[in-house]
Amino acid sequence: EPRQTYAVREPLLEAVDRLLTRHWEHHFLILLADSGMGKTSFLLNYYVRHKRSRRDFTIAIFPLGHYGVEEFLKNLPDHKDTVLFLDAFDEDVQAATDHRGRLTQLLALCRDFRQVLITCRSQFFLRDEEIPRETGIIRVGPTPPMTPHEHIFYKIYLSPFSPEQIEQYIRRRFRWRDTLRKRARAIVKTVPDLVARPMLLAHLPDLLRTDRGY
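Now for a quick tour of the structure. It should be emphasised that the depicted structure is a prediction, and the values quoted were computed from it without experimental measurement. (Residues numbered from 1 in each chain as written. Predicted model: local features only at pLDDT ≥ 70, side-chain atom pairs only at ≥ 80, totals over all residues. Heavy atoms only, no water.)

Moving on, we get to the side chain of D34. The topology assignment puts D34 in the loop between strand 1 (28-33) and helix 2 (39-51). One polar contact links D34 to Q123, side chain to side chain, over a distance of 3.4 Å. (Helix = DSSP H or I, 4+ residues; strand = E, 2+ residues; numbered from the N terminus. Polar contact = N/O pair within 3.5 Å; in protein donor to acceptor, adjacent residues only side chain to side chain.)

Okay, helix 5 (residues 99-110) next. Along an α-helix, residues three or four positions apart point the same way, because every turn accommodates 3.6 residues. Taking 1.5 Å of rise per residue, 12 residues should cover 16 Å, and helix 5 covers 16 Å from first to last C-alpha, within 8% of that figure. Every buried residue belonging to helix 5 is among H99, R102, L103, L106, L107 and C110, and all of these are buried. On an axial view of helix 5, the arc spanned by its buried residues comes to 135°, and they lie on one face. In helix 5, the exposed residues that point more than 90 degrees away from the buried face are R100 and T104. (Expected span 1.5 Å × (residues − 1). Buried < 20%, exposed > 50% of the residue type's maximum accessible area, 1.4 Å probe, protein only. Arc of directions from axis to C-beta.)

For helix 2, spanning 13 residues, the distance from its first C-alpha to its last is 19 Å, which sits close to the expected 18 Å at 1.5 Å a residue. Residues of helix 2 that are buried include every one of K39, F42, L43, Y46 and H50, and no others. When helix 2 is viewed along its axis, its buried side chains cluster within an angular range of 100° and face the same direction. Pointing more than 90 degrees away from the buried face of helix 2 are the exposed residues N45 and K51. Close packing links the buried residues of helix 2 with helix 1 (12-21), strand 1, strand 2 (58-63), strand 3 (82-87) and strand 4 (115-121). (Contact = heavy atoms within 4.5 Å.)

Attention now moves to the environment of H50. Relative to the elements of secondary structure, H50 occurs in helix 2. Residue H50 is classed as buried on the basis of its relative accessible area, which comes to 8%. In this structure the C-alpha to C-alpha distance between H50 and D17, which are 33 residues apart in sequence, comes to 9.7 Å. Sequence-distant contacts of H50, that is, excluding residues within four places in its chain, are made with R55, F57, T58 and I59. Within polar-contact distance, the side chain of H50 engages the backbone oxygen of F57 at 2.6 Å.

Right, dumping it as structure tokens:
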């Protein structure tokens with residue numbers, strides 16, 4: 001259970017900003033989190049935020065649960081200045097039967113892009129050792145000291161909401177409604193591990209419309 005692990009946290013948008021500025025070092029990134037933690041929401045929000053900025057690269061997004069990723073990648077112009085977001089590796093049909101082989105195929109298609117960020121459900125890998133680290137792709141050009149000659153995956157873990165963040169959500173969602181706030185806190189106290197996930201926390205208003213106990 002992620003909430004039983006102490007983690008050093010930082011805002012995700014700022015962390016990815018920093019990683020994407022060092023494209024020669026962090027060429028391949030993998031964002032891991034449980035279901036309903038907001039991986040897809042993050043990609044979409046980051047994309048919109050990036051469109052409003054004036055940074056020197058573009059972003060392209062493709063959901064791996066859909067067919068046609070190979071054709072999509074081949075038709076994208078200007079690979080060298082494009083950061084590629086591939087969403088939901090765990091929903092890729094071929095990855096379900098051979099995730100190592102499928103990942104090798106995707107990396108071969110993506111090697112010329114500026115950077116690649118892949119999201120995946122953390123439970124997709126049965127053991128921590130199965131989470132990919134080596135890419136099999138050799139760096140081209142000079143390599144800085146203490147930097148491996150092979151590109152590796154840099155892992156980012158999306159943490160569940162902390163108790164403080166859950167309380168912040170309740171205060172904003174039920175502003176000026178003390179009774180609903182108290183009932184919401186009672187549900188959170190009953191199932192704290194579940195509501196730490198944003199997708200489930202968002203259903204609090206639906207639960208409060210019923211007379212059932214939880």
